[in-house]
Amino acid sequence: MKDVAVSLADRLDRDLKEAMRAGDNRRRDVIRFLRAAITNASFEKRADLTDDEILDVIRYQIKQRRDSIDLFRAGGRDELAAEEEAQIAVLQPYLPAQLDHDELVEIVQRVARELGARSPRDMARLMPAVLAETDGRAEGRVLSELARQELARRSSLPENQS
């Protein structure tokens, strides 16, 4: 059976060829840039990347683009922000299916309850557990915001109601 990392690399190669044949320049360029980032990470590691490491590269590429979107919007450059969003749309299908908002809220609440997290000071204990629970199927910034909201809610409750 093929290694999952090889399958993902093969998928990128196949998708690049399809984008080139179809004349889809944005998709072609995004996949080329992603493949270059994977090659650089592989070179730094001095070994082929595992499936998880390739997914980390993709997540990092999406995070960079989201940061750029924030900066472009703050600078009034909506056309550049829209281009970054279109690039994210090319990268997103390579990631595992993301959990929906309600599932994330339930996970954050359950993990906070299990850990006995009661105040914003517990964020350092809560976030690693929530990240492990979601296993890359949610963005860190979304989880962080939900965790912050849950801890604020729990800190306002009487001790026996958390």
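Since this is a predicted model, take the numbers as computed values, not measurements. (Residues numbered from 1 in each chain as written. Predicted model: local features only at pLDDT ≥ 70, side-chain atom pairs only at ≥ 80, totals over all residues. Heavy atoms only, no water.)

> Explain unusual backbone geometry to me, please; I cannot follow it from the model alone.
If a residue is not glycine, its phi is most likely negative; likewise, a peptide bond is most likely trans. Positioned with a positive phi, Arg 46 is a non-glycine residue whose angle comes to about 65 degrees. Mapping Arg 46 onto the fold places it in the loop between α2 (25-45) and α3 (51-74). Looking at Arg 46, the relative accessible area reads 77%, which means it is exposed. One non-glycine residue, Asp 135, lies in the positive phi region at around 50 degrees. Structurally, Asp 135 can be placed in the loop between α6 (123-134) and α7 (140-155). (Helix = DSSP H or I, 4+ residues; strand = E, 2+ residues; numbered from the N terminus. Buried < 20%, exposed > 50% of the residue type's maximum accessible area, 1.4 Å probe, protein only.)

> Hey, could you run me through the nonpolar core in this one?
Core analysis: the biggest nonpolar cluster contains 21 residues, and Leu 34, Ile 38 and Ile 58 have the highest contact counts within it. Once residues lying within four places of it in the same chain are set aside, the contact partners of Leu 34 are Leu 12, Val 57, Ile 58, Gln 61 and Leu 91. Counting residues in hydrophobic clusters, the runner-up holds 16 residues, among them Val 111, Leu 126, Val 130 and Leu 151. (Core = buried A, V, L, I, M, F, W, Y, C linked by side-chain atoms within 4.5 Å. Contact = heavy atoms within 4.5 Å.)

> Mind showing me how you'd approach the environment of Ala 9 here?
Inspection of the secondary structure puts Ala 9 in helix α1 (residues 4-22). Taking the C-alpha atoms as reference points, Ala 9 and Ala 22, 13 residues apart in sequence, are found 20 Å from one another.

> Could you clarify how one ought to interpret the packing of α2 against helix α4 (residues 78-91) in this entry?
The relative placement of two packed helices comes down to the angle between their axes together with the axis-to-axis distance. For the pair α2 and α4, interaxial distance at closest approach is 10 Å and the crossing angle is 70 degrees. Judged on the interaxial angle alone, α4 and α2 are roughly perpendicular. Taken as a pair, α2 and α4 cross one another with a handedness that is right-handed. The residues of α4 that touch α2, namely those facing Arg 26, Arg 27, Val 30, Ile 31 and Leu 34, are Glu 83, Ala 86, Gln 87, Val 90 and Leu 91. Here the residues of the contact of α2 with α4 sort into six nonpolar, one polar and three charged. (Axes fitted to C-alpha atoms, helices over the stretch in contact; angles between N-to-C directions. Parallel < 35°, antiparallel > 145°, perpendicular 65-115°, else oblique. Left-handed = near helix turned anticlockwise from the far one by under 90°. Nonpolar A, V, L, I, M, F, W, Y, C, P; charged D, E, K, R; others polar.)

Worth remembering: the numbers are spatial, not functional.
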